[in-house]
2 protein chains.
Amino acid sequence: MRHTAIHNLASRLRKGDRSALSKAITLVESEHDDHQDKSETLFRHLAATGLRHSVRIGITGATGVGKSTFINTLGTILIGHGHRVAVLAVDPTSTLAGGSILGDKTRMSELTRHEACYIRPSPSGRNTDGVGDRTGEAALLCEQACYDFVIIETTGTGQTNVLVSEIADIFLLLVAPHGGDELQGIKRGVMELADFVLVTKNDGEHAATAGRTCAEYASALRLLRHRRGDPDQVPNAMTVSSLCADTVMSCWQSVEELIAWRRDHGTLLERRQRNSAKRLESEIRLQILNRIRNDAALATRLEDLAHEVARSGTSPMAAAREILDALSSCRDIQP
Amino acid sequence: MRHTAIHNLASRLRKGDRSALSKAITLVESEHDDHQDKSETLFRHLAATGLRHSVRIGITGATGVGKSTFINTLGTILIGHGHRVAVLAVDPTSTLAGGSILGDKTRMSELTRHEACYIRPSPSGRNTDGVGDRTGEAALLCEQACYDFVIIETTGTGQTNVLVSEIADIFLLLVAPHGGDELQGIKRGVMELADFVLVTKNDGEHAATAGRTCAEYASALRLLRHRRGDPDQVPNAMTVSSLCADTVMSCWQSVEELIAWRRDHGTLLERRQRNSAKRLESEIRLQILNRIRNDAALATRLEDLAHEVARSGTSPMAAAREILDALSSCRDIQP
């Protein structure tokens, strides 16, 4: 009975039914054990009928650089070319306070009017380290629902940049025109993940600054390039004005060229396999703790050990080993 | 034989022997299985003879705000009061490129001259999410080696801020005087972790800007305060000039007051227990993957499943469950 329901959901989703897609994503994002079983069944159904491939575009940039405007223009262009576009807004929450995800959908006003567009906030924030995040599964579901392009947007707090770069086939960093002193520090890690740096707001009063900023990023990227040998990984800096479809289009052409290059050289699939391995490891890290918490005896022991670590200086390494030995005791006594 | 060697290391360390401490930290940081066994033995020896408590001070701030200069002045003051001070420099590495840790030690010139001071870079960078990091253990070893204050310094890339705030009893955010537009975005998460925001370089030409910056952070912190109810968690903004010991001293008095308050209200121990639980979970997440990789059959299966996830859209959730079922198969068939 449940399985037929899931089966129906799967076939409606594969026909591109938006409400089925939303329902499926909600199911996958749920922490509820029963829902997790259901979503595994769903994925089995979908896997059975084969995998569809979209292009996954990761887009990161601080609040206010104009991600939504850029996505709005880019998405409209892609839809104009007859594509179906899904946008997953990964809104990070800070470590102690919660974040809001409502903004994005309203800001992408033009895009939301299109039937061929699906916009969905994907709350990753529960874990800033991305463990337990379901954005990868959400992207997979969008693909199965016949979306040719899945845009994954993040403001890049915590580990969400790494997370999104591991889901995306191509990763764009959007930066606003500025004095250039932001180039050091925090940005560096992001720039190494980015395939392209797009300097936004290349219009009106900002145009001059945008050009300078772009030049600064271009030279910074040249330095990075030397550090990493991979010819596929040569990032590029470009200016763009989301108010002018032509500039977005010309950026997009460069992006498409790199995607084509990666497809031809097999690095697109390589990249997805590398990332699947990482996703699988994150999932294992998540599930092991759920298993321990769901085992009354182990959960209690875990709590006691945490106290021992704090009070008597027991090593977390030894404590962790004890828990895992208990969990997999039978394997350990096997030769 | 090995155990006597470790026993000797432990007793030398408890006497405050610096070379023993260095050797112990190197042992703890090693990924080598044999070394991990040894460090567990070491921790057992140390735990047996009881736990010493230091005050752990986490200090974060972007490159160039003057962390080393501040620590140099603060450390010298504390040593002047007859304390022993250890400094662990957690140098973050970005996701793709490596970082360098050599800078810190040389910049704390005055401090390094003191016998009562121990400075050590603690490479956490291997995992930006902090999993597998050994800074917590290193801090514990410093305590056992009779250091009254353990200062843990980071530039706060990736998750290292969260990491350090989970090790420290008190967490200081250092910021340089600026226009104030940095207040949004990335800083926000850090400010919620910080107990104090110290605006550095409150001297010479910077003094005026430092005052303004401090006022901005103070009002931003007031907003945060409303979001989190905990009266213990009321962060404060102060200006400081590391060139003037008096200003560092007056900051330090406020810090000491909060530490005293937390000790009296038992929140210091609570905090350590909460953090030990997190450390233990991180350690479990790390070890589970090592166990899988060290089991030939499981390692191969993990690789195959990663390919399946990438090629045929198998759910990482189902794949992870299969691996964990295999690992703990005997438990699963028990009632």
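In what follows, the structure referred to is the one given above.
Residues numbered from 1 in each chain as written. Chains lettered and ligands numbered in written order. Predicted model: local features only at pLDDT ≥ 70, side-chain atom pairs only at ≥ 80, totals over all residues. Heavy atoms only, no water.

### Details of the pairing of strand β6 (residues 196-199) of chain B
All names here are of chain B. Residues F196 and L198 line one face of β6 and the alternating positions V197 and V199 line the opposite face, and both faces are buried. Across 4 bridges, strand β5 (residues 170-175) lies against β6 in parallel orientation. Among the inter-strand pairings, L174 is bridged to a residue of β6, identified as L198. Two strands pair when backbone bridges link them, and β6 and strand β7 (residues 236-239) are joined in this way by 4 bridges, in the parallel orientation. (Buried < 20%, exposed > 50% of the residue type's maximum accessible area, 1.4 Å probe, protein only. Helix = DSSP H or I, 4+ residues; strand = E, 2+ residues; numbered from the N terminus. Pairing = 2+ DSSP bridges.)

### Here we look at the packing of helix α11 (residues 245-264) of chain A against helix α12 (residues 267-294) of chain A
All names here are of chain A. The contact between α11 and α12 brings their axes to 5 Å, and the two run at 85°. Judged by the inter-axis angle, α11 sits roughly perpendicular to α12. From α11, I259, W261, R262 and R263 reach across to α12, where they touch T267, L268 and R271. For the contact of α11 with α12, the class distribution of residues is 3 nonpolar, 1 polar and 3 charged. (Axes fitted to C-alpha atoms, helices over the stretch in contact; angles between N-to-C directions. Parallel < 35°, antiparallel > 145°, perpendicular 65-115°, else oblique. Contact = heavy atoms within 4.5 Å. Nonpolar A, V, L, I, M, F, W, Y, C, P; charged D, E, K, R; others polar.)

### What about the pattern of salt bridges?
Per the counting criterion, the structure on display carries 36 salt bridges over all chains. Notably, a salt bridge pairs R321 of chain B with D37 of chain A, separated by 3.0 Å at the nearest N-O pair. With R321 of chain B in helix α14 (residues 316-327) and D37 of chain A in helix α3 (residues 33-48), the pair connects residues from two separate chains. With a relative accessible area of 30%, R321 of chain B lands in the partly exposed category. With a relative accessible area of 26%, D37 of chain A lands in the partly exposed category. The closest approach of N and O atoms between E322 of chain B and R301 of chain B, which form a salt bridge, is 2.6 Å. One end of the pair, E322 of chain B, is in helix α14; the other, R301 of chain B, is in helix α13 (residues 296-312), with 21 residues separating them in the sequence. Connected through shared salt-bridge partners, R56, E143, D169 and R272 of chain A make up one network. (Salt bridge = Lys/Arg side-chain N within 4 Å of Asp/Glu carboxyl O.)

### Quick notes on the sheet that holds β5 of chain B
Residue and element names in this part refer to chain B. Pairing is parallel in the open sheet, where 7 strands are placed in the order β3-β2-β4-β1-β5-β6-β7. Two strands lie at the open edges of the sheet, namely β3 (117-121) and β7, each paired on one side alone. Within this sheet the neighbouring strands show an average axis-to-axis angle of 20°, counted without direction. Sheet topology note: the strand β2 (residues 85-90)/β3 ladder contains 5 bridges and is parallel. Looking at the pairing, A86 lines up with Y118 of β3.

Just geometry here; none of it tells us what the structure is for.
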